[in-house]
Amino acid sequence: MKTAVIYWSGTGNTEAMANAVAEGAGVSAVQVSAFDGDVSEFDALALGCPAMGAEELEDTEFEPFFSGIEGKISGKKIALFGSYDWGDGEWMRLWADRVKAAGAEIVDGEGLIANNTPDDEALAKCRELGKKLV
C-alpha cells in the first residue's frame, strides 16, 4: 500500500506527531510545502495540521493544499492528526466531516489531537495510527 504522511507545523508539535505517524507507517513525513507528488497515486494518506485562528486549518499553505486534493481522496484511507492550544477540537471535527463528505475512510473514524506538545502517550497513539493506516 502506497502511503504518504503530509503535514504543516508552526511550532514543531504537529511535526513531532507527523514523524511518529510516519514511523508507525514505515514512511517519511513530508512538509506540505515540500510535497510534490500526486495524491491520486497513494492508497493512504496521513494529513496533519494544527488548529489555527478560530479553530481552522492553517490558511496559507495547508488549507489551499487540502482544498486542492479534496476531490481526489474518495475511496482512500485517511488518517488526520494535529495539535491545538485552545478550544475543544472543533477544527478536527469539521476537517473529518470534509474528508467523509469527499468519500474517504477516516482511520478510527476521527482525527487524533494532542494539546500543545505531544507527550509520550500521544506519540505512541500517533505511531499506532500510522500502523493502522497501512
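Residues numbered from 1 in each chain as written. Predicted model: local features only at pLDDT ≥ 70, side-chain atom pairs only at ≥ 80, totals over all residues. Heavy atoms only, no water.

If you check an unreviewed UniProt entry, the protein appears there as Flavodoxin from Ruminococcus albus. The protein has a UniProt comment under Sequence similarities (unreviewed entry) that states "Belongs to the flavodoxin family." What the UniProt record of the protein gives under Function (unreviewed entry) is the line "Low-potential electron donor to a number of redox enzymes." (UniProt positions renumbered as here; feature names shortened; annotations may be inferred.)

If you check helix H3 (residues 90-101), its first and last C-alpha atoms are 16 Å apart, about what twelve residues at 1.5 Å a residue would give, namely 16 Å. Among the residues of H3, those classed as buried are Trp91, Met92, Trp95, Ala96 and Val99. Projected onto a plane normal to the axis of H3, the buried residues spread over an arc of 130° and lie on a single side. Those residues of H3 hidden inside the fold are in contact with strand E3 (44-48), helix H2 (62-69), strand E4 (77-84), strand E5 (105-106) and strand E6 (112-115). Positive phi shows up at glycine 103, right after H3, with a value of about 90°. (Helix = DSSP H or I, 4+ residues; strand = E, 2+ residues; numbered from the N terminus. Expected span 1.5 Å × (residues − 1). Buried < 20%, exposed > 50% of the residue type's maximum accessible area, 1.4 Å probe, protein only. Arc of directions from axis to C-beta. Contact = heavy atoms within 4.5 Å.)

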